[in-house]
Amino acid sequence: MLQSAIPFTRKDFGDDFLWGVTISAFQNEGAHDLDGKGASIWDTFSRRKGKIRDKTHAQVACDFYNRYTQDILLAKMLGFNVFRFSLSWARIIPGGTGAVNQAGIDFYHRVIDACLELGLEPYVTLYHWDLPQALENKGGWCHRGVVFAFENYVRVCAKAFGNKVKNWIILNEPFGFTALGYMLGVHAPGKIGLSWFLPAVHHAVMAQAEGGRVIREEVAGANIGTALSCSQVIPFTNNEKDLQAARKADALFNRLFLEPSLGMGYPVDDFPLLKRIERRYALWRDWDKLAFDFDFIGVQNYFPLVVKYNAFMPVVNISEVKPRARNVPTTALGWEINGNGLYEVLKQFAAYDGVKKLIVTEGGAAFPDLRAEDGSIHDTDRIQYFSEYLEGVLKAKKEGIPVDGYFAWTLTDNFEWAEGYRARFGLVHIDFETQHRTIKSSGYWFRELLNLTT
């Protein structure tokens, strides 16, 4: 039925290509205070008036804590061979440091075992934005102590799960949680200003490397990566000010966490403001601790950015030229749809000598899902989105770029951070009143693609 909509086959990507779906602890699990779990910064933030657009919370979310078997079965049924999920730091160590909650450890063992029993390879993300509130009370990512707390947390996880889990992602989109949470204030913990953002960046860069070192030490044969948000940056015009704005934006959005991990330091030449990290927030001995030899870099690309010089924009002097002003196709969140942008960032990241392998660890789109009279959900816009972006991946592979997998965001509709439940990204629809799951046409599209053998 859907074959005509698939312009490629699974075999075009190679027999070893990884096909995955991904979820996150806070967005999916619910059970916010069950079985000893501590509060996270998102538990706190979502209670603040006006912070979540639809005035909802994630106390129940997708109820993955109780329905994980059903959801993992759905991932298997749709043909995927990888299930990427994150661990809740506050579920494992409720106070951020100190006592370990055995009930949290036991839960993730059940999730991992369910994956393995079904032949799904677990890719475990150690940090997907839900810092324990107890650590935020001490300064969160702005406080140097978070690096040591994270190192301890990673060691607990490695010792608990390392005999079963070999694929690890240290941080999920560190630029996202530092910029949105510690500079713009639109995500947890809601802090605003460079004096929060710059130390948060530095400590996240340090934690990214330290976490990798702990996994390398504790888990034999580990495959270790980190997942970075990235966008093709396009200058609005070719005048020198717009070109300079694009270089600055590229340093901020694409290079800020990648280049330190490769031993290159911060991209201060194109973004001189980052020199403040060295002057104010770093110790001399930090510079030897920023790099780590990752086995893969996770690429998380949703849209390109078109930027121009703006003298009235404080500090950065950059502004985005919005997609709707350029009359280009967009998702429900106003994000430009452009599969070539994914191809361009894969090419950009692969050009670094220290990058061995790339995996697209997230990709997907929010669209309004309309239910037909027979109860089915025909999300043709989402199918077209995945088709276009996967064509970008295939183009990269054909050019020899070492991209080894694509993980769809996301398996089920979930709590989409500050958007609440109004932004639906899932291959599976959830009725959040009844928790009933309905596979969308995009889910069946993936099932057909992944079951094709010719």
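Please read these numbers as outputs of a predicted model, since none were measured by experiment.

**A few points about the state of the cysteines**
And then number 1: This model, assessed by the stated rule, comprises zero disulfides.
And then number 2: The cysteine Cys 62 is free of any disulfide, with Cys 115 supplying the nearest cysteine sulfur at 16 Å.
And then number 3: Assessed through its relative accessible area of 0%, Cys 62 is described here as buried.
And then number 4: Free of any disulfide, Cys 157 has its nearest neighbouring cysteine sulfur in Cys 115, separated by 16 Å.

**Quick notes on helix H10 (residues 240-255)**
Residues lying three or four places apart along an α-helix face the same way, a consequence of the helix completing one turn every 3.6 residues.
And then number 1: Under the 1.5 Å per step criterion, the end-to-end length of H10 is 21 Å for 16 residues, consistent within 8% with the ideal 22 Å.
And then number 2: Buried within H10 are the following residues: Asp 242, Ala 245, Ala 246, Lys 248, Ala 249, Asp 250, Ala 251, Leu 252, Asn 254 and Arg 255.
And then number 3: Measuring from the backbone nitrogen of Lys 241 back to the side-chain oxygen at the start of H10 gives 3.1 Å, which picks out Asn 239 as the cap.

**Looking at the packing of aromatic side chains**
And then number 1: Scanning the entire structure with this criterion turns up 44 aromatic pairs.
And then number 2: Between Trp 141 and Phe 150, the aromatic rings sit 6.3 Å apart at their centres with planes inclined by 55 degrees, giving tilted as the arrangement.
And then number 3: Among the residues examined, Trp 141 registers a relative accessible area of 0% and is labelled buried.
And then number 4: Judged by its relative accessible area of 0%, Phe 150 falls in the buried class.
And then number 5: Of note, Lys 395 hangs over the ring of Tyr 343, and the distance from its end group to the ring centre comes to 4.1 Å.

**Quick word on the UniProt feature "active site" (unreviewed entry) in the protein**
And then number 1: In this numbering, the UniProt entry assigns the feature "active site" (unreviewed entry) to Glu 173 and Glu 362. Spatial clustering of the annotated residues is evident: they stretch over 190 residues in sequence, but the largest pairwise C-alpha distance comes to 10.1 Å.
And then number 2: Note that Glu 173 resides in the loop between strand E4 (167-172) and helix H8 (174-182).
And then number 3: Dropping the residues within four chain positions of it, Glu 173 is found in contact with Trp 129, Ala 227, Ser 229, Gln 300, Tyr 302 and Glu 362.
And then number 4: Structurally, Glu 362 can be placed in strand E10 (residues 358-362).
And then number 5: Once you skip the residues sitting within four places of it in the chain, Glu 362 turns out to touch Thr 22, Arg 84, His 128, Asn 172, Glu 173, Val 299, Gln 300, Asn 301, Tyr 302, Phe 407 and Trp 409.
And then number 6: A polar contact is formed between the side chain of Glu 362 and the side chain of Gln 300, at a distance of 3.2 Å.

**Focus: the pattern of salt bridges**
And then number 1: Counted by the stated rule, this structure contains 29 salt bridges.
And then number 2: Put simply, Lys 347 and Glu 344 hold a salt bridge, and the shortest N to O gap is 3.6 Å. Taken together, the residues Lys 347 and Glu 344, both in helix H13 (residues 339-350) and three residues apart, mark about one turn of the helix.
And then number 3: The residue Arg 382 makes a salt bridge to Asp 379 at a minimum N-O spacing of 2.7 Å. You'll find Arg 382 and Asp 379 in the same group, each marked buried.
And then number 4: Connected via shared salt-bridge partners are Asp 369, Asp 379, Arg 382, Asp 413, Arg 424 and Lys 440.

**What to know about the packing of helix H5 (residues 102-117) against helix H7 (residues 145-161)**
And then number 1: It is the contact of H5 with H7, at a shortest axis distance of 11 Å, that shows an interaxial angle of 50 degrees. Compared by their axis directions, H5 and H7 come out oblique. The handedness of the crossing between H5 and H7 is right-handed. Across from Ile 105, Tyr 108, His 109 and Ile 112 in H5, the residues of H7 making contact are Val 156, Ala 160 and Phe 161.

**What to know about the sheet that holds strand E2 (residues 82-86)**
Hydrogen bonds along the backbone pair up the strands of a sheet, which may run parallel or antiparallel.
And then number 1: The strand order E1-E2-E3-E4-E5-E7-E10-E11 describes a closed barrel built from eight strands, whose pairing is parallel. Taken over all neighbouring pairs, the strand axes of this sheet differ in orientation by 25 degrees on average, direction set aside.
And then number 2: Two strands pair when backbone bridges link them, and E4 and strand E5 (residues 223-229) are joined in this way by four bridges, in the parallel orientation. Bridge assignment links Trp 168 to a residue of E5, and that residue is Ile 224.

**Observations concerning unusual backbone geometry**
And then number 1: Each neighbour pair has its own omega, and for Ala 188 with Pro 189 the value is 5 degrees, a cis peptide bond.
And then number 2: For Pro 189, the position within the fold is in the loop between H8 and helix H9 (194-218).
And then number 3: Backbone geometry places Asp 63, a non-glycine residue, at a positive phi of 55 degrees.
And then number 4: Its location among the elements puts Asp 63 in the loop between helix H2 (41-45) and helix H3 (64-77).
And then number 5: The backbone phi angle of Glu 173 is positive, close to 45 degrees, even though this residue is not glycine.

**Some words on the sheet that holds strand E9 (residues 318-320)**
And then number 1: If you trace the three strands from one edge of the open sheet to the other, you get E6-E8-E9, paired in mixed fashion. The open sheet has two edge strands, strand E6 (233-235) and E9, and neither has a second partner. Strand-to-strand twist in this sheet, taken as the mean axis angle between neighbours without regard to direction, amounts to 40 degrees.
And then number 2: As judged from the three bridges shared by E6 and strand E8 (residues 305-309), these two strands associate in the parallel manner.

**Section: the UniProt feature "binding site: substrate" (unreviewed entry) in the protein**
And then number 1: Here the UniProt feature "binding site: substrate" (unreviewed entry) sits at Gln 27, His 128, Asn 172, Tyr 302, Trp 409, Glu 416 and Trp 417.
And then number 2: As for its placement among the helices and strands, Gln 27 is situated in helix H1 (residues 25-28).
And then number 3: Discounting residues that sit within four places of it in the chain, Gln 27 has contacts with Ala 61, Cys 62, His 128, Trp 409, Asn 414, Phe 415, Glu 416 and Trp 417.
And then number 4: In this structure the side chain of Gln 27 is engaged in a polar contact, spanning 2.8 Å, whose partner is the side chain of Ser 24.
And then number 5: In contact with Asn 172, not counting residues within four places along its chain, are Arg 84, Thr 125, Tyr 127, His 128, Trp 129, Phe 177, Ala 227, Gln 300 and Glu 362.

Parameters at a glance
- Residue indices begin from 1 for each chain and proceed along its sequence in written order.
- With the structure being a predicted model, the display of local features is reserved for residues of pLDDT at least 70 and the display and counting of side-chain atom pairs for 80 or more, all residues being used for whole-chain, interface and lining totals.
- The side-chain figures draw on all heavy atoms in the structure; neither hydrogens nor water molecules are used.
- Throughout, disulfides are identified as pairs of cysteine sulfur atoms within 2.5 Å of each other.
- The cut-offs for exposure are 20% and 50% of the maximum accessible area for each residue type, with area from a 1.4 Å probe on protein chains only; residues under the lower value are buried, those over the upper are exposed, and the others partly exposed.
- Counting from the N terminus, the helices are DSSP H or I runs at least four residues long and the strands are E runs at least two residues long.
- A helix is expected to reach a length of 1.5 Å times the quantity of its residues less one.
- In protein, a polar contact means a hydrogen-donor-capable atom and an acceptor-capable atom, both N or O and within 3.5 Å, with residues adjacent in sequence counting only if both atoms are side-chain atoms; elsewhere, any N or O pair within 3.5 Å suffices.
- For Phe, Tyr and Trp, rings pair up if their centres lie within 6.5 Å, where Trp contributes its six-membered ring, and each pair is then called stacked (planes under 30 degrees apart), edge-to-face (over 60) or tilted (otherwise).
- Note on geometry: a ring has a charge over it if NZ (lysine) or CZ (arginine) is within 6 Å of the ring centre and within 35 degrees of the ring normal.
- UniProt positions are given in the numbering used here, feature names are shortened, and annotations may be inferred rather than shown by experiment.
- Throughout, a residue-residue contact means that at least one pair of heavy atoms, one from each residue, lies within 4.5 Å.
- Basic side-chain nitrogens of Lys or Arg form a salt bridge, by our definition, when they fall within 4 Å of a carboxyl oxygen of Asp or Glu.
- Axes, fitted as lines to C-alpha atoms, cover a helix only where it is in contact. Angles between the N-to-C directions of the axes lie from 0 to 180 degrees.
- Roughly parallel refers to an angle under 35 degrees, roughly antiparallel to one over 145, roughly perpendicular to one between 65 and 115, and oblique to any angle outside these ranges.
- Should the near helix be turned anticlockwise from the far one by less than a right angle, the crossing is termed left-handed; should it be turned clockwise, right-handed.
- In this description, strands pair whenever DSSP reports at least two bridges between them.

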